[in-house]
Amino acid sequence: MAGLQADTPHPTEVTLHQASRVLEIAFADGARFQLPCEYLRVLSPSAEVRGHGVGNEVLQVGKINVNIKAIEPVGHYALKLVFDDDHDSGLFSWQYLYELGANYSAYWQKYLNELEAAGASREPL
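Because the structure is a prediction, the values reported are computed rather than measured.

## A closer look at unusual backbone geometry
Phase 1 of the analysis: Unusually for a residue other than glycine, Arg21 sits at a positive phi of about 55°.
Phase 2 of the analysis: Residue classification places Arg21 among the partly exposed residues on the basis of a relative accessible area of 29%.
Phase 3 of the analysis: Residues other than glycine seldom take positive phi values, yet Asp86 does so here, at roughly 70°.
Phase 4 of the analysis: Inspection of the secondary structure assignment puts Asp86 in the loop between β5 (78-83) and β6 (91-93).
Phase 5 of the analysis: For Asp86, a relative accessible area of 55% gives the class exposed.

## Observations regarding the environment of Leu81
Phase 1 of the analysis: As for its placement among the helices and strands, Leu81 is situated in strand β5.
Phase 2 of the analysis: Taking relative accessible area as the criterion, Leu81 reaches 0% and is therefore assigned buried.
Phase 3 of the analysis: Between the alpha carbons of Leu81 and Lys69 there is a distance of 7.9 Å; along the sequence they are 12 residues apart.

Rules and cut-offs
- Residues numbered from 1 in each chain as written.
- Predicted model: local features only at pLDDT ≥ 70, side-chain atom pairs only at ≥ 80, totals over all residues.
- Heavy atoms only, no water.
- Buried < 20%, exposed > 50% of the residue type's maximum accessible area, 1.4 Å probe, protein only.
- Helix = DSSP H or I, 4+ residues; strand = E, 2+ residues; numbered from the N terminus.

Right, here's the structure in full:
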């Protein structure tokens, strides 16, 4: 995973709202994003989700109720999010978290379209 790029805004605040299952993150440029835990889980940068190359992605299903149970800083460039389904292998760089926030609507709709095309559900099995 690439480190922090020079133009990546630095975070000023990270707050986990466990009851609503939302990670709120504010950046130095004034941007503030509320990222649902499910969204973060299904778009994890881990190999388990992304696969080991283009075309090897693994569609994540049944994650509507997932929550984050721990947040661990990784140096000055990322967070390790530990989800309550025991997924913990993705490192979310500040750059990636910013990208997820800035592109939330498009990325979420793409995920929903992929679920529908696969005949899969956000609901647990």
